[in-house]
Amino acid sequence: MQGKLLRQNTTAYLFMLPWLVGLFLFTLWPMISSLYLSFTRFELLQPSEWVGLQNFKEIFTADERFWQSLKVTFHFVVLSVPLKLLAALLVAMMLNRNIRGIGLYRSLYYLPSLIGGSVAVSIMWRQIFGETGVVNVLLSMFGLQGPIWISNPDYAIYTLIALATWQFGSSMVIFLAGLKQIPEHLYEASAIDGAGKVQQFFRITLPMLSPVMFFNLVMQVIGGFMVFTQGFIVTKGGPMDATLFYAIYLYEKGFKYFQMGYASALAWILLVIIGIFTAILFKTSKKWVHYESGGDK
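## Quick word on helix 10 (residues 197-225)
Argument step 1. Here helix 10 spans only 35 Å end to end across 29 residues, well under the 42 Å set by a 1.5 Å rise per residue.
Argument step 2. Its maximal kink placed at Ser 210, helix 10 deviates by approximately 55 degrees, while the proline Pro 211 follows within four residues.

## Here we look at helix 8 (residues 169-180)
Residues three or four positions apart in an α-helix share a direction because the helix packs 3.6 residues into each turn.
Argument step 1. Its twelve residues place the ends of helix 8 17 Å apart at the C-alpha level, agreeing with the 16 Å of an ideal helix rising 1.5 Å per residue.
Argument step 2. What helix 8 keeps buried is the set Gly 169, Ser 171, Met 172, Phe 175, Leu 176, Gly 178 and Leu 179.

## Examining the nonpolar core
Argument step 1. Judged by nonpolar contacts, the single largest core of 57 residues is most densely connected at Phe 66, Phe 76, Phe 175 and Phe 245.
Argument step 2. Elements represented by at least two residues in this core include exactly helix 2 (54-62), helix 3 (64-95), helix 5 (119-128), helix 7 (156-166), helix 8, helix 10, helix 12 (246-256) and helix 13 (260-285).
Argument step 3. Considering each element in turn, this core owes the most residues, 13 residues, to helix 3.
Argument step 4. The contacts of Phe 66, once residues within four sequence positions are left out, are Ile 59, Phe 60, Tyr 246, Tyr 249, Leu 266 and Ile 269.

## Some words on the pattern of salt bridges
Argument step 1. The final tally for this structure, using the stated rule, is three salt bridges.
Argument step 2. The salt bridge partner of Arg 41 is Glu 49, with a shortest N-O separation of 3.7 Å.
Argument step 3. Ionic pairing is found between Glu 252 and Arg 65, a salt bridge with its closest N-O pair at 3.1 Å. Remark: Arg 65 occurs in helix 3 and Glu 252 occurs in helix 12; sequence separation between them is 187 residues.
Argument step 4. In this structure, a network of salt bridges that share partners links the residues Arg 65, Asp 241 and Glu 252.

## Some details on the layout of surface pockets
Argument step 1. Counted as a void, the largest pocket has a volume near 420 Å³.
Argument step 2. Around the largest pocket, the lining comprises 14 residues; the ones closest to its centre are Met 93, Asn 96, Tyr 187, Lys 197 and Thr 205.
Argument step 3. Elements that contribute at least two residues to the lining of the largest pocket include exactly helix 3, helix 8, helix 9 (184-192) and helix 10.
Argument step 4. A total of four residues in the lining of the largest pocket trace back to one element, the largest contributor, which is helix 10.
Argument step 5. For the lining of the largest pocket, the per-class residue count stands at seven nonpolar, three polar and four charged.

Calculation notes
- Residues numbered from 1 in each chain as written.
- Predicted model: local features only at pLDDT ≥ 70, side-chain atom pairs only at ≥ 80, totals over all residues.
- Heavy atoms only, no water.
- Helix = DSSP H or I, 4+ residues; strand = E, 2+ residues; numbered from the N terminus.
- Expected span 1.5 Å × (residues − 1).
- Bend = angle between axes of the 7 residues up to and from the residue.
- Buried < 20%, exposed > 50% of the residue type's maximum accessible area, 1.4 Å probe, protein only.
- Core = buried A, V, L, I, M, F, W, Y, C linked by side-chain atoms within 4.5 Å.
- Contact = heavy atoms within 4.5 Å.
- Salt bridge = Lys/Arg side-chain N within 4 Å of Asp/Glu carboxyl O.
- 1 Å grid on protein atoms, 1.4 Å probe; cavity = no way out; pocket = protein on both sides within 12 Å on 5 of 7 lines; lining within 4 Å.
- Points joined across faces, edges and corners; volume = space filled by probe spheres on them.
- Nonpolar A, V, L, I, M, F, W, Y, C, P; charged D, E, K, R; others polar.

Structure representation (structure tokens):
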């Protein structure tokens, strides 16, 4: 019996071996190396030098661009995540019906999420909000003179928030799946009791969708803190560091100035920040996320 169990376990571990190799070589080992480098002065072309907490001390006490990158990233997350989730929910509700060609409509709305993070789309977005871009051309039709959006520190961040909101497709698909799991008889019974569409939305749709909404919220917050491509391609972190996302600043320290130890410290600070916000969301979810069992988890 033990020999058979051992053979079964061996077979299972052999099937898991490629994943385990990838886990240790491409996830755990880089994380451990990064943690060690965060306590060193390592400039890539020179041997690393142990400096203890010096990198973290410098980051928190003498690095103004660190605080600017945090400010910009928080600003982006606070505005883009709710807007994206709101757009995703509204479109999902519009597409949650059986009409001819609905599959095509769903695919078209999902398409921006497939290509939205690409360099090509970021370049297109930069052209749209350029001095002679589509936005300013439309404004000129009404006699308005639009600014150079991506070159103006007052507006640049909002062009990236608009781009992030446009990429609502993945959240929309998840919301759509959640909407299809809501029993139709709940709406029928509420309609008999005289509930209108608005009441049904707040009394049935939102509570039943709360687990899906929670999942989308966590994923979008994590993704918002790690945003990089859009800011790097569209605005390059400028103007005047107005779109200096945390990931862009980390990239600059590591691959522009070759301060790998400093960049590793920044990476671990970001991990802690994301962990704290995720923990807060899980803690507060007990008050507003409702599961089918009728109790909060």
